[in-house]
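So you can see what is in the structure, the chains are spelled out below.
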Number of protein chains: 2
Amino acid sequence: MPTRDLMSDSCAIARTLAVVGERWTLLILRDAFLGATRFSQFRRSLGIAPDVLTDRLATLVAHGVLARETYREEGSRAREEYRLTDAGRELHVVLGALQQWGDAHLPWPDGPTVLRCGPGGDPLHVGFVDDRGEQVDEVTFRPTAAFPGV
Amino acid sequence: MPTRDLMSDSCAIARTLAVVGERWTLLILRDAFLGATRFSQFRRSLGIAPDVLTDRLATLVAHGVLARETYREEGSRAREEYRLTDAGRELHVVLGALQQWGDAHLPWPDGPTVLRCGPGGDPLHVGFVDDRGEQVDEVTFRPTAAFPGV
């Protein structure tokens, strides 16, 4: 199978997938949004091999999605923590969009297990928004002059 | 590496990734949004092995994201076409969110290669929207009673 370097692809979707498109990465980020910060928390939640988790966290740190910080509790040895950066937090729209599709098309018998809430507790969905902050239901993807063709 | 059945996960993000989370799948969908319908078009655009493409298309058809249709041009043999279903088209928010992050954090030197446009040609972004159709910038992910815990 020929491999391509997604990071140098002219398509922004491909470049983003170079950072978050590997197996488990988006679920690591989901756990980070739900409050996980430590290797052991991600590992327990996902049940994945330590070397895979190490690799995925390293990719996210290398691309500025997570920041690795060292902390030491009184009387304990130093530990690493992984925290979402501002750029990492911007991926909340990606996760919200994936969640919304799953709840609509692959519903869980007991209903959604996690809700998206605004500051007042209102339910939120993910959608396309114009420059006035109003939702627009129809979108077209339109190549620009920078599009290299297919 | 222990495998888990993402499709039976209580998390809607995981279930969606069971359908679209394999390598290449989101780029196949990107091409579908840009107008590709035929095996040869996806193959040329992505440069992936035929067996991988066959496998990914089968998953998308099995989960109702793409519909496979047979058509025959005058004097030619029958061919298969792959078209986005309504459920498939709802994934435009996922692709738009991935694109937006890439354009913001991994910018292309010549600027975005594909724009998201509304019916009047206005640029659109992807965001969280309340029930009144207005954008909300702060979102929290909140577990419900159906959340099985971590």
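Residues numbered from 1 in each chain as written. Chains lettered and ligands numbered in written order. Predicted model: local features only at pLDDT ≥ 70, side-chain atom pairs only at ≥ 80, totals over all residues.

Caption draft 1: Structural view of the overall build of chain A. Across its full length, chain A holds 6 helices and 6 strands. Mapped from its N terminus to its C terminus, chain A presents α and β elements in the order α-α-α-α-β-β-α-α-β-β-β-β. Considering only C-alpha atoms, chain A reaches an extent of 55 × 45 × 30 Å along its principal axes. Within the span of chain A, comprising 150 residues, buried residues form 35% of the whole. Counting only contacts in chain A whose residues sit at least 6 apart along the sequence, the fraction spanning at least 24 positions is 36%. (Helix = DSSP H or I, 4+ residues; strand = E, 2+ residues; numbered from the N terminus. Buried ≥ 20, exposed ≤ 12 C-beta atoms within 10 Å, placed from the backbone. Contact = placed C-beta atoms within 7 Å.)

Caption draft 2: Spotlight on the domain arrangement of chain A. Residue and element names in this part refer to chain A. What the domain assignment reports for chain A is domain 1 (1-85) and domain 2 (91-142). For domain 1 versus domain 2, the distance between C-alpha centres works out to 23 Å. With 6 residues of domain 1 in contact, the opposing surface of domain 2 contributes 4 residues. Among the residues making up the side of domain 1 that touches domain 2, the classes are represented as 5 nonpolar, no polar and 1 charged. (Domains from an automatic or database assignment. Nonpolar A, V, L, I, M, F, W, Y, C, P; charged D, E, K, R; others polar.)

Caption draft 3: Expanded view of the nonpolar core. Counting 65 residues, the largest nonpolar core has Val94(A) and Val94(B) as the members making the most contacts within it. If we ignore the near neighbours within four places in the chain, the residues touching Val94(B) are Val94(A), Ala97(A), Leu98(A) and Trp101(A). (Core = buried A, V, L, I, M, F, W, Y, C linked by C-beta atoms within 7 Å.)

Caption draft 4: Layout of the interface of chain B and chain A. Chain B puts 74 residues into the contact, and the matching count from chain A is 74 residues. Where the side of chain B that touches chain A is concerned, the elements lending two or more residues are α1 (12-20), α2 (25-33), α6 (92-105), β3 (114-117), β4 (125-129), β5 (135-136) and β6 (140-143) of chain B. With 13 residues, the top contributor of residues to the side of chain B that touches chain A is α6(B). By residue class, the composition of the side of chain B that touches chain A is 43 nonpolar, 18 polar and 13 charged. Of the strand pairs in this sheet, strand β3 (residues 114-117) of chain A and β6(B) are connected by 4 bridges, and their pairing is antiparallel. Bridge pairing in β6(B) links Val114(A) to Pro143(B). (Pairing = 2+ DSSP bridges.)

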